[in-house]
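# Descriptive structure summary
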Amino acid sequence: MPFTRLKAHALWLLVAALLGLTAPAGAAPIWNGQLFPVEEVAPGLRGTGYTVIGGTDIEAFDVLFLGVLPGAGPAGDLLLVETSGPLIEQTGGIASGMSGSPVFVDGRLVGAIAYGFGYADHRIGLVTPIGDMLRVLERMGAEDAAAQAPSPAGPRQVAFAPDEATAAQLLAQLPPGTEVLVPLATPLMAGGFGPRALHLVEGWAKRLLGGPFLTVPTGTAPASVQPGTVSFQPGSAFGVQLLGGDVSLSALGTVTWTDGDRFLGLGHPFLNGGAVHWVTSGAAILRTVSSAQMPFKVGVVTDPAGTLTQDRAAGVAGRLGPLPERVQVAVRVTDLDHPQGETPQRFSFWAVDDPWLLPDLVTVGVLQALDQGIDRIGPGTARVLFRLEAESLPQTLVRDNMVYSESDVSALAVGELLEGVELLAANPFREVPLRRVEVEARITRQPQVAQIVEVRPAATRVAAGDSVLIEVELQTYRGPRETRAIRLTIPPGTPAGRVAVTVRGGYSTSPSAVVHAELFAEEKTGEPVEEGLPLPEGGSLEEQLETFRTRERNYELVAEFYPPFGPLPPAESQAGAENPARTEGEGAPMAEEDRDQPRSHQPSLPGNGKPVQARLATDWVIRGSDQFELEIVEPVQEEEPAAEAPGSTPF
């Protein structure tokens, strides 16, 4: 049964009594522990809001209620307010980062500042009622709780937009007099990032996280903020931390309500992630900056303080105390061109253990480490080794490769890492919590590339079961020609016939190219990129991991051919005729489109449709290819000695 206003009022008072709301200690709001219901809000009602605009001290500002917008918000009613006072004059109005600032009337908590107007009167905003925010708290420790009660129906006098640009478009389309509001932009405090990585963080936040977000460079907490002193009370600044360490990424907001170790904040969603396990931290405000678009806070996170567990339409909720699981990342970068020799630089950070966020967080953090390690952005060659340690995996996933880029070696070097982390985090088989990532990268500006010039087989006629030695002549970049020999074995039982043997460089650059496009598509084209990366084929997680671990590498020489088809045994021919939809494989009929192809290019008959292959590691990224024709013949059968006649005598 839908809640009536009377029932909602009674529920608020009951929740307040059950939760034992008490006034917080210290300077901040004077709170008698009661809630102020929406029914008592009327135009002209005055209250007091609390927030931090500098350091960690909570300060007050005046709030005038202009009216109630029934059912206008994503979680229920919203309260239209006008703010004023010395604090508002100093900030220039409601600022990004004030989301969650509590508003009290006669010591009773009304709700949290949550929405404002971009490019308009920044003194005007909207308050999310505390009754709706307390429903978020009901989900803590009870993820399967019943859904929220429907909001009372009412005329909508406002429209909502995710950002200021969309709001401007809506204003031109909606009837005159309609107000378009946006959530107060959540400041994303980004520390330790260079200009390129910071730009990627901004694009990532806009494209994947939604909005609105305001990405602001930041640093470490000032000396006046003592470590280990984090305590939350209504009006305190707090952070939701996604990255920490040598790079950091944190959302900045304001605490609305506390009860022991539990707290509520923001008054609107952060990422609308539902049940989450993210790090929450104390925060200090360095400055609140006035802006024509919307004022905003610049701050830093202090000590990690607990776990954010709920991210819902009416706000966020969490608990102080134990921290959630985090993924530790260690990066070692060696600039081979450094004049003082090969001295590796070390970087470390952690990322929240969230399958949706983890691949991008790890990748952008490692990218920043590579950029900083070589102190440039540009062409070069990188040899990269990474290890992924995860729970429930019998062994560490290890992968190494070599990449060369004519424009941006660091961006290309993180490609397979992103793919590997996503393979574990988003695999469709089972949860595999990633615990540690180790990356070693050796980078030089020099193109360590070799081009295949010619291949010379030792023989062009080989029996099944034997092998052929192939000399490969390589032209190194601005260096001498080098020769490498690779031995290709013809499997026993391979049908007789002529095949084309291709010698080429290992090919695993496609996933990295996809990653490179995904990282930079927003910057270069402005067009969205298809989400996700191609996962290795396989019927189980173990098969996918093995395929990923052992697939070709860019520094390998690969010699391969597809065996010709042989005659089908009668029984299998009959079975194939009875089942035309049968998958191609051993003994399967050729697909219609393959019947006119030369025999040397037809797919493999034995089993899985994969080529016969040999691989050889080199010191270069291999480019180009060459071919030669090889004739496979039946193996020579040794003649058995003739049986001696009975009674015969040898000489």
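Above this text is the structure in question.
Residues numbered from 1 in each chain as written. Predicted model: local features only at pLDDT ≥ 70, side-chain atom pairs only at ≥ 80, totals over all residues. Heavy atoms only, no water.

Where helix H10 (residues 541-550) is concerned, the buried positions are Leu541, Gln544, Leu545 and Phe548. Around the axis of H10, the buried residues are gathered within 95 degrees of arc, so they sit on the same side. (Buried < 20%, exposed > 50% of the residue type's maximum accessible area, 1.4 Å probe, protein only. Helix = DSSP H or I, 4+ residues; strand = E, 2+ residues; numbered from the N terminus. Arc of directions from axis to C-beta.)

Another aspect to go through is the packing of aromatic side chains. In this structure the tally under the stated criterion is six aromatic pairs. Between Tyr50 and Phe104, the aromatic rings sit 5.8 Å apart at their centres with planes inclined by 75 degrees, giving edge-to-face as the arrangement. Separated by 54 residues along the polypeptide, Tyr50 in strand S2 (residues 46-51) and Phe104 in strand S5 (residues 102-105) bring together distant segments of the chain. Phe104 shares its class with Tyr50; the two are buried. With a centroid separation of 6.3 Å and 40 degrees between ring planes, the pair formed by Phe386 and Phe548 is classed as tilted. (Phe/Tyr/Trp six-rings, centres within 6.5 Å; stacked < 30°, edge-to-face > 60°.)

Our focus in this paragraph is the pairing of strand S20 (residues 380-390). Looking along a regular strand, one sees the side chains alternate between the two faces of the sheet. Bridge count between S20 and strand S21 (residues 397-405): nine bridges; the pairing is antiparallel. In the sheet register, Arg387 faces S21, and the bridge partner there is Val398. Hairpin connection of S20 to S21: six residues between the antiparallel strands, including Ser392 at a positive phi of 75 degrees. (Pairing = 2+ DSSP bridges.)

As a further point, take the pairing of strand S27 (residues 497-505). Among the nine residues that make up S27, eight are buried, leaving the element largely enclosed by the rest of the structure. Looking at chain direction, S27 and strand S31 (residues 625-633) are connected through eight bridges and run antiparallel. Paired with Arg498 across the two strands is Glu631, which belongs to S31.

You can see Leu388 is positioned in strand S20. Separated by 50 residues in sequence, Leu388 and Glu438 have C-alpha atoms that sit 6.7 Å apart. Not counting chain neighbours up to four residues away, the residues in contact with Leu388 comprise Thr396, Leu397, Leu417, Gly420, Val421, Leu424, Leu434, Arg436 and Val437. (Contact = heavy atoms within 4.5 Å.)

This brings us to the packing of helix H8 (residues 415-425) against H10. Each packed pair of helices is defined by two parameters, the angle between the axes and the distance between the axes. Closest axis-to-axis distance for the H8/H10 pair is 11 Å, and the angle between their directions is 170 degrees. Regarding the angle of H8 to H10, the classification is roughly antiparallel. In contact with Glu416, Glu419, Gly420, Leu423 and Leu424 of H8, H10 contributes Gln544, Leu545 and Phe548. For the contact of H8 with H10, the per-class residue count stands at four nonpolar, two polar and two charged. (Axes fitted to C-alpha atoms, helices over the stretch in contact; angles between N-to-C directions. Parallel < 35°, antiparallel > 145°, perpendicular 65-115°, else oblique. Nonpolar A, V, L, I, M, F, W, Y, C, P; charged D, E, K, R; others polar.)

A separate point is the pattern of salt bridges. In this structure the tally under the stated criterion is 33 salt bridges. In this structure, Asp261 engages Arg319 in a salt bridge whose closest nitrogen and oxygen atoms are separated by 3.2 Å. Here Asp261, found in the loop between strand S13 (248-259) and strand S14 (262-265), pairs with Arg319, found in strand S17 (residues 315-320); they are 58 residues apart in sequence, far enough to count as distant. What makes Arg319 partly exposed here is its relative accessible area of 35%. The partner of Glu342 in a salt bridge is Arg442, and the shortest N-O contact between them spans 2.9 Å. (Salt bridge = Lys/Arg side-chain N within 4 Å of Asp/Glu carboxyl O.)

All quantities given are derived from atomic positions and should not be read as evidence of function.
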